[in-house]
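# An overview of the molecular structure
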Amino acid sequence: MADPRNELADIVVPVAPDMMVSAGGLPWWLWTAGLLGVAGVMLMVWQWRRRRFARSLRAIAAAVARQQGTPVEIARLLDTWARGRFNLSRLDAAHCPQGLDPNHWSDWVNALTRLRFAPPPPGGTKELAGLCATAQAWKPDA
């Protein structure tokens, strides 16, 4: 008579699958290329976001050079740029951002405030160009 343990062994304990069968995954080099591609895109996005303040300052300086707008409007743009660049709620001559000379900061903020709120002086565009040049010298994000 046949031994029931041998006859029923495949039913009770199934045979293990063959280990040589591919799991249907992608080759390792394709995974590596995909990860490098994602890392490259993330690096480009990070670099683009990092330079956004430098791009906007160049646009403001170009607006000053082409005299696109009144000095009051351009001074407002420069004020918005400085508040965003240094993460300030408002520009204050007494509170200098870290890494800048407090005397230059105070002069810069006072000149910008004068351009924004006082009647426009005759040389306002030249003064704005000077403020943009000074701000471009503060390039830790370049």
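Please read these numbers as outputs of a predicted model, since none were measured by experiment.

The rules we used
- Residues numbered from 1 in each chain as written.
- Predicted model: local features only at pLDDT ≥ 70, side-chain atom pairs only at ≥ 80, totals over all residues.
- Heavy atoms only, no water.
- Core = buried A, V, L, I, M, F, W, Y, C linked by side-chain atoms within 4.5 Å.
- Buried < 20%, exposed > 50% of the residue type's maximum accessible area, 1.4 Å probe, protein only.
- Helix = DSSP H or I, 4+ residues; strand = E, 2+ residues; numbered from the N terminus.
- Contact = heavy atoms within 4.5 Å.
- Axes fitted to C-alpha atoms, helices over the stretch in contact; angles between N-to-C directions.
- Parallel < 35°, antiparallel > 145°, perpendicular 65-115°, else oblique.
- Left-handed = near helix turned anticlockwise from the far one by under 90°.
- Nonpolar A, V, L, I, M, F, W, Y, C, P; charged D, E, K, R; others polar.

## Things to note about the nonpolar core
Counting 23 residues, the largest nonpolar core has L78, W81, W105, W108, L128 and L131 as the members making the most contacts within it. Elements represented by at least two residues in this core include exactly α4 (52-66), α5 (71-85), α6 (102-117) and α7 (124-137). The element that contributes the greatest number of residues to this core is α6, accounting for 6 residues. The contacts of L131, once residues within four sequence positions are left out, are L78, W108, A111, L112 and L115.

## Details of the environment of T113
Along the chain, T113 turns up in helix α6. For the pair T113 and L91, spaced 22 residues apart in sequence, the C-alpha to C-alpha distance is 8.8 Å.

## Overview of the packing of α5 against α6
Two numbers describe how α5 lies on α6: the axes approach to 8 Å, and their chain directions differ by 140 degrees. Classified by the angle between their axes, α5 and α6 sit oblique to one another. Regarding α5 and α6, the two cross each other, and that crossing is left-handed. Judged by residue contacts, V72, A75, R76, L78, D79 and A82 of α5 engage W108, L112, L115 and R116 from α6. For the contact of α5 with α6, the class distribution of residues is 7 nonpolar, no polar and 3 charged.

Purely geometric stuff here, so don't read any function into it on its own.
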